[in-house]
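# Examination of the molecular architecture
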Amino acid sequence: MSPQIDEENITKSLSAEQAAPRDIADTLAEHKALKISRKNLDCWVIGCDQILVFEGEIFGKPASREALKDSLSRLSGQTHRLITANVIYKDCKPQWRHIAISYMSMRSMSAAEIDAYVATYWQEVKQAAGGYHFERTPDLFFAVRGNWFDIMGLSIGPIIGFLNQIDTNNPYQNPKLAAVLGHPIAQSKSPRIHGHWLEKNGISGDYIAIDIPPAHFNDTLNMLFDVGFSGFNVTIPHKEQALAFADHMSPRAQRIGAANTLIKTDIGDIRADNTDGYGFITNLSTQSETWQPKAGPALVLGAGGAARAILVALLDVGVPKIYLSNRTRARADDLAAEISDLIEVIDWQDKEDVLPEAFTVVNSTSLGMTGKAALDFDLTDINPHALVTDLIYAPLETQLLKDARGRGCEVVGGIGMLLHQAVPGFEAWFGTRPEVDQELEALILT
Ligand code: NAP
């Protein structure tokens, strides 16, 4: 609820009385809580306010683009305080209050960077004190001393502590946090997957998507761990950087040479994992009743990021030999040399030649995806006992899968890989092994 108090005048008169910024934040939070409490007697009401202070001055919402540029150029390269005040009222009486102070160190921004930021974010941030939303652009900061929820304006941990004191029967859990990091990231389906599991399992926590430009990946990641994240999924273009960032890595992440999952362990160090191959194999083994990886060679099309994980995973489950074919042959040669001498590279135009031998056929190119070019692949000679799978899940059934089905092959689509690869991360961050089921699949496809 937005209580519509006259924040500007209250702040002005308190400032004139030389009130400390923390007292101003506390008073504003109190005014808001009281206003709502009057209309909601018997309810517990939380009032919140945040004040940004730099060099003793309170920075409010920027009045114009120019004002935002001025405030960013003053905050750039400096540390400011973000004061978060929370009060709880019941029956118009204060029950509890809390002040949290976060120290936010903004990286130095050039005038051109500030101009670009204002051009991109003005509409979003014109209502935000100081002109930023930390969750949207955490890479504006190189270090933060504080807690994610305080910075977001709601000091969840202390609030839960208070609520658990007054009602000891059903203690609330402190929420856990995870996110997917990429650049861009808006297209990611991971928040829907993890959000569904959090809700379904009644877990207190949040999973969000954060866009981080590659140049600021390490600093921002360090800072996000510092403010309380349990871990992350990592996607393009950060997978290699994520592996290098970690203190230690799973053997499969090491072999793949990239990480898609980062986990903060109980002793505070960072472990990297790569669950793409796990997701791929689990998808095949749960969807197919007949697939036998050891039955014979596999043919893998594509030598991009996804192919690395697929090759390692296929060898790990006992595929005796892999034919690898990619439009850019050199990329396939490099991958084969790096991973195993059980991989034989074949020219892109010769990929059909090995179809009679292959028992597993995988498309890990982006060809056949909605909006992309078609995969030109003649299945006339395919082994009818082969299992054919496509990593693409939009469309759900690609032309490759339709053609393979038409030739009597068993086929498996790519959506299950996306869902299964998310399982190990969720279990590590939130402490419950989630289920991949039809309900989740339907949700992700809508
Ligand atoms: P990537 O690193 O960009 O690799 C793209 C691959 O597609 C490369 O092998 C590239 O060949 C090939 N390619 C692109 N355009 C081509 C064309 N016109 N003709 C021939 N080959 C072409 O991408 P990625 O991360 O490996 O992902 C590949 C696909 O898998 C994407 O569609 C992605 O959505 C899907 N995927 C699905 C899941 C899942 O969970 N189901 C997970 C990961 C990826 P060159 O080397 O010659 O460029």
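Details of the structure are given in the entry above.
First, a word on what this report is: a plain description of the structure on this page. All chains use their own residue numbering, which begins from 1 and follows the written sequence. Two thresholds apply to this predicted model, a pLDDT of at least 70 for residue-level local features and 80 or more for giving and counting side-chain atom pairs, whereas whole-chain, interface and lining totals are computed over all residues. Water and hydrogen atoms were dropped before computing side-chain values, which therefore reflect all heavy atoms in the structure.

### Section: the overall build of the protein chain
Which entries qualify depends on this criterion: Comment: elements are numbered from the N terminus, with helices defined as DSSP H or I runs of at least four residues and strands as E runs of at least two. For this count, His and the chain ends are skipped, Lys and Arg are scored as positive, and Asp and Glu as negative. Where a charge sits is defined by one atom per residue type, namely NZ (Lys), CZ (Arg), CG (Asp) or CD (Glu).
Looking only at helices and strands, the protein chain has 17 helices and 17 strands in total. Principal-axis analysis of the C-alpha atoms gives the protein chain an extent of 85 × 55 × 40 Å. If the 39 positive side-chain charges of the protein chain are averaged to one point and the 56 negative ones to another, these points end up 5 Å apart.

### Describing the packing of aromatic side chains
What counts, and what does not: Aromatic rings from Phe, Tyr and Trp, with only the six-membered ring used for Trp, were paired whenever their centres fell within 6.5 Å, and each pair was classed as stacked if the ring planes differed by under 30 degrees, edge-to-face if by over 60, and tilted otherwise. Categorising residues by exposure relies on relative accessible area from a 1.4 Å probe, with only protein chains included: less than 20% of the type maximum marks a residue as buried, more than 50% marks it as exposed, and the intermediate range marks it as partly exposed.
In this structure the tally under the stated criterion is 15 aromatic pairs. Geometrically, the ring pair formed by Phe225 and Phe245 is stacked, given 6.3 Å between the ring centres and 15° between the ring planes. Residue Phe225 is found in helix H8 (residues 217-226), and its partner Phe245 is found in helix H9 (residues 239-245); the two are separated by 20 residues along the sequence. On the basis of relative accessibility, which here comes to 4%, the residue Phe225 falls in the buried class. By relative accessible area, which is 14% here, Phe245 ends up buried. Taken together, the ring pairs in this structure connect Tyr132, Phe134, Phe141, Trp148, Phe225, Phe229, Phe232 and Phe245 into an aromatic cluster.

### Description of the sheet that holds strand S1 (residues 44-54)
Sheet strands pair by backbone hydrogen bonding; their relative direction is either parallel or antiparallel. The criterion, for reference: In this scheme, strands are said to pair when DSSP sees at least two bridges between them. Fitting a line to C-alpha atoms yields each axis, with helices limited to the stretch in contact; the angle taken between N-to-C directions then spans 0 to 180 degrees. Two residues form a contact once any of their heavy atoms are found within 4.5 Å.
Spatially, five strands are ordered S2-S1-S3-S4-S5 in an open sheet, and the strand pairing comes out antiparallel. At either end of the open sheet lies a strand with only one pairing partner, and these are strand S2 (57-59) and strand S5 (141-145). On average, each strand axis in the sheet is inclined to that of its neighbour by 30°, with strand direction left out of account. Relative to strand S4 (residues 93-106), strand S3 (residues 79-90) is paired through twelve bridges, and the arrangement is antiparallel. Following the sheet pairing, Leu82 is matched in S4 by Ser102. Helix-sheet contacts for helix H2 (residues 21-39) involve S1, S2, S3 and S4, and the interaxial angle to S1 is about 155°.

### A closer look at the site of the ligand
What counts, and what does not: If a single non-hydrogen atom of a residue is within 4 Å of a molecule or strand, that residue counts as near it. A 3.5 Å cut-off defines polar contacts: any pair of N or O atoms within that distance qualifies, except that in protein one atom must be a possible hydrogen donor and the other a possible acceptor, and neighbouring residues in sequence count only when both atoms are side-chain atoms. Method for areas: the Shrake-Rupley scheme with a 1.4 Å probe, in which residue coverage is limited to the protein chains shown. All amino acids are sorted into three groups, where Ala, Val, Leu, Ile, Met, Phe, Trp, Tyr, Cys and Pro are nonpolar, Asp, Glu, Lys and Arg are charged, and the leftover types, Gly among them, are polar.
Every one of the 22 residues lining the ligand counts as a neighbour, but Ala306, Asn326, Thr328, Arg331 and Leu391 are closest to it. Interatomic distance of 3.0 Å between a backbone N/O atom of Ala303 and an oxygen atom of the ligand. When isolated, the ligand has an accessible area of 920 Å², and the protein chains bury 77% of it. For the shell around the ligand, the residue count by class is eleven nonpolar, nine polar and two charged.

### Topic: the sheet that holds strand S15 (residues 360-363)
One open sheet accounts for six strands, arranged S14-S13-S12-S15-S16-S17; its pairing is parallel. Edge strands, defined here as strands with exactly one partner in the open sheet, are strand S14 (343-346) and strand S17 (410-412). Adjacent strand axes in the sheet meet at a mean angle of 20°, parallel and antiparallel pairs treated alike. Two elements, strand S12 (residues 298-301) and strand S13 (residues 322-325), share four bridges in a ladder whose sense is parallel. Looking at the pairing, Leu299 lines up with Tyr323 of S13. Relative to the sheet, helix H13 (residues 329-339) contacts S13 and S14, its axis offset from that of S14 by approximately 170°. Helix-sheet contacts for helix H14 (residues 399-406) involve S15, strand S16 (387-390) and S17, and the interaxial angle to S16 is about 165°.

### Comments concerning the nonpolar core
Put simply, the test is: Only buried residues count toward a nonpolar core. Its members are Ala, Val, Leu, Ile, Met, Phe, Trp, Tyr and Cys residues joined through side-chain atoms within 4.5 Å.
Membership of the largest hydrophobic core comes to 48 residues, with the highest contact counts inside it found for Tyr117, Tyr132 and Phe229. Of the residues forming this core, the biggest block, six residues, is contributed by helix H4 (residues 111-125).

### What about the packing of helix H3 (residues 65-75) against H4?
We count it as follows: Between 65 and 115 degrees an angle is taken as roughly perpendicular, under 35 as roughly parallel, over 145 as roughly antiparallel, and anywhere else as oblique. By convention, the crossing between two helices is left-handed when the near helix turns anticlockwise from the far helix through less than a right angle, and right-handed when the turn is clockwise.
Their axes nearest at 10 Å, the elements H3 and H4 cross at an angle of 120°. By the angle class used here, H3 and H4 are oblique. In the crossing of H3 with H4, the sense of the turn from one axis to the other is right-handed. Note on element contacts: H4 touches H3 through Ile114, Asp115, Tyr117, Val118, Trp122, Gln123 and Val125, opposite Arg65, Leu68, Lys69, Leu72 and Ser73. Class assignment for the residues of the contact of H3 with H4 results in seven nonpolar, two polar and three charged.

### Examining unusual backbone geometry
With an omega dihedral of 5°, the bond running from His183 to Pro184 counts as a cis peptide bond. Position of Pro184 among the secondary structure elements: in the loop between strand S6 (176-182) and helix H7 (190-200). Pro237 follows Ile236 through a cis peptide bond whose omega is 10°. Summarising the element assignment, Pro237 is placed in the loop between strand S8 (231-234) and H9. Positive phi, close to 50°, is recorded for Asp91, a residue that is not glycine. Position of Asp91 relative to the elements: it lies in the loop between S3 and S4. Among the residues examined, Asp91 registers a relative accessible area of 32% and is labelled partly exposed. A positive phi angle is found at Cys92, which is not glycine, with a value near 65°. Residue placement: Cys92 occurs in the loop between S3 and S4.

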